[in-house]
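Each chain, letter by letter, is given below.
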Amino acid sequence: MDINAGTLNGTINISNNNFSNISLQNGSSFYGIYQESPQSTHILNNTISNITMGTNSFLLGIQQVGNSLESTVSGNNIFGISGNGTVCAISASKYVNDNNIYNISGATSIEAINSGVSISENNIHDLSASGNINAIRYGDGSGSPSSAFNNNVYNLISTGYSVIGIKNNSSSVSNQVYQNNIFNLEVNNPAGLVFGIQDATSGSDNSATYIYNNFISDLRAPITNYADAIHGLDILYISNNS
């Protein structure tokens, strides 16, 4: 069950749809909205909720793939997902703003938002998993300026290896992470690590990330064996621009 928008001409608008009260069989996959085309696309005000996942199932709430600078994923609500499976709530190539993602529990891993360029004004909270949690990951393979700002990320708990509030993977010459609220992140694993913001750019002297005016609080790893398990801000690579 999904909405699949292909390579149509002009602007694609997908809005005000509701996918709710769905049970997934073991090993099955669910795509709520899947759009793949170079056209301008607007995925707006949709709801994906109350989904029970079977063992080893996969859920991708919204996927927008394409290269148009006009594409947006905005005003969507994804919540009430439970069960033993992998969850990616939103995966988009361009702009993701003003979405609500919450009350996801029991998953083997969770990625709330994965976007190539800009993520802003999103509310991501009350996520729990037996594996890793990435609330926001942006900039994968992107050479365009990327940013994550004015997002609220809180109440994330995992028994896996890591919990990350915001992770930057962009190779752009200019990335910005600012005015985000990240708090109450916890990992419960002897090998567990928790990160408020992680900058994983390549370390090239041609790339630079500006991280400022973020609020990060209440990061916990109560049973970890690592002495250095809690990172408010983690910079993986060092360059002349660090």
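Residues numbered from 1 in each chain as written. Predicted model: local features only at pLDDT ≥ 70, side-chain atom pairs only at ≥ 80, totals over all residues. Heavy atoms only, no water.

K.L.:
It is not clear to me how the pairing of strand β19 (residues 181-187) should be interpreted in this structure. Could you clarify?
P.N.:
Within a regular strand, side chains alternate between the sheet's two faces. Where strand β16 (residues 152-158) and β19 come together, six bridges link them in parallel fashion. Within β19, the residue paired with Tyr154 across the bridge is Phe183. Bridging between β19 and strand β22 (residues 215-220) involves five bridges; their strand directions are parallel. From the neighbouring strand, Asn181 faces β22, where its bridge partner is Phe215. (Pairing = 2+ DSSP bridges. Helix = DSSP H or I, 4+ residues; strand = E, 2+ residues; numbered from the N terminus.)

K.L.:
Even after reading the chapter, I still don't get the packing of aromatic side chains, so can you show me in this structure?
P.N.:
By convention here, two paired aromatic rings are described through the distance between centres and the angle between planes. In this structure the tally under the stated criterion is six aromatic pairs. Between Phe149 and Tyr178 the ring centres are 5.0 Å apart and the planes differ by 0 degrees, which places this aromatic pair in the stacked class. Of the two residues, Phe149 sits in strand β15 (residues 146-149) while Tyr178 sits in strand β18 (residues 175-178), which places them 29 residues apart along the sequence. A relative accessible area of 18% places Phe149 in the buried class. (Phe/Tyr/Trp six-rings, centres within 6.5 Å; stacked < 30°, edge-to-face > 60°. Buried < 20%, exposed > 50% of the residue type's maximum accessible area, 1.4 Å probe, protein only.)

K.L.:
Would you mind showing me how to read the sheet that holds strand β7 (residues 72-74) here?
P.N.:
Pairing between sheet strands relies on hydrogen bonds along the backbone, with the strands arranged either parallel or antiparallel. Strands sit in the order β2-β5-β7-β9-β12-β15-β18-β21 across an open sheet of eight strands; the sheet is parallel. Each edge of the open sheet carries a strand with a single partner, namely β2 (12-15) and β21 (209-212). Across the sheet, the mean angle from the axis of one strand to that of its neighbour is 5 degrees, orientation sign disregarded. Where strand β5 (residues 41-44) and β7 come together, three bridges link them in parallel fashion. The residue of β7 that forms the bridge with Leu44 is Ser74. (Axes fitted to C-alpha atoms, helices over the stretch in contact; angles between N-to-C directions.)

K.L.:
Any chance you could explain the pattern of salt bridges here in plain terms?
P.N.:
Side chains carrying opposite charge are able to pair once their charged atoms draw close together. Enumeration according to the criterion identifies two salt bridges in this entry. Among the salt bridges present, the one from Arg137 reaches Glu111, with a minimum N-O distance of 2.5 Å. Within this pair, whereas Arg137 is found in strand β14 (residues 133-138), its partner Glu111 is found in strand β11 (residues 109-115), the two being separated by 26 residues in sequence. Classification of Glu111 by relative accessible area gives buried; the value is 12%. For Glu186, the salt bridge identified is with Arg220, shortest N-O distance 2.8 Å. Here Glu186, found in strand β19, pairs with Arg220, found in strand β22; they are 34 residues apart in sequence, far enough to count as distant. Judged by its relative accessible area of 14%, Glu186 is buried. We classify Arg220 as partly exposed; its relative accessible area is 31%. (Salt bridge = Lys/Arg side-chain N within 4 Å of Asp/Glu carboxyl O.)

K.L.:
When you look at the side chain of Ser71 in this model, what are you seeing that I'm missing?
P.N.:
Its location among the elements puts Ser71 in the loop between β6 (47-65) and β7. Among the polar contacts listed, one links the side chain of Ser71 to the backbone nitrogen of Thr41, at a separation of 3.3 Å. Setting aside its immediate chain neighbours within four residues, Ser71 contacts Gln39, Ser40, Thr41, Gln64, Lys94 and Tyr95. (Polar contact = N/O pair within 3.5 Å; in protein donor to acceptor, adjacent residues only side chain to side chain. Contact = heavy atoms within 4.5 Å.)

K.L.:
Even after reading the chapter, I still don't get the nonpolar core, so can you show me in this structure?
P.N.:
General note: in soluble globular proteins, nonpolar side chains tend to be found buried as a group. Of all hydrophobic cores here, the largest spans 49 residues; its most connected members are Ile90, Ile101 and Ile124. Counting residues per element, this core draws most heavily on strand β8 (residues 77-92), at six residues. The contacts of Ile90, once residues within four sequence positions are left out, are Ile62, Val73, Ile78, Val96, Asn99, Ile101, Ala112, Ile113 and Asn114. (Core = buried A, V, L, I, M, F, W, Y, C linked by side-chain atoms within 4.5 Å.)

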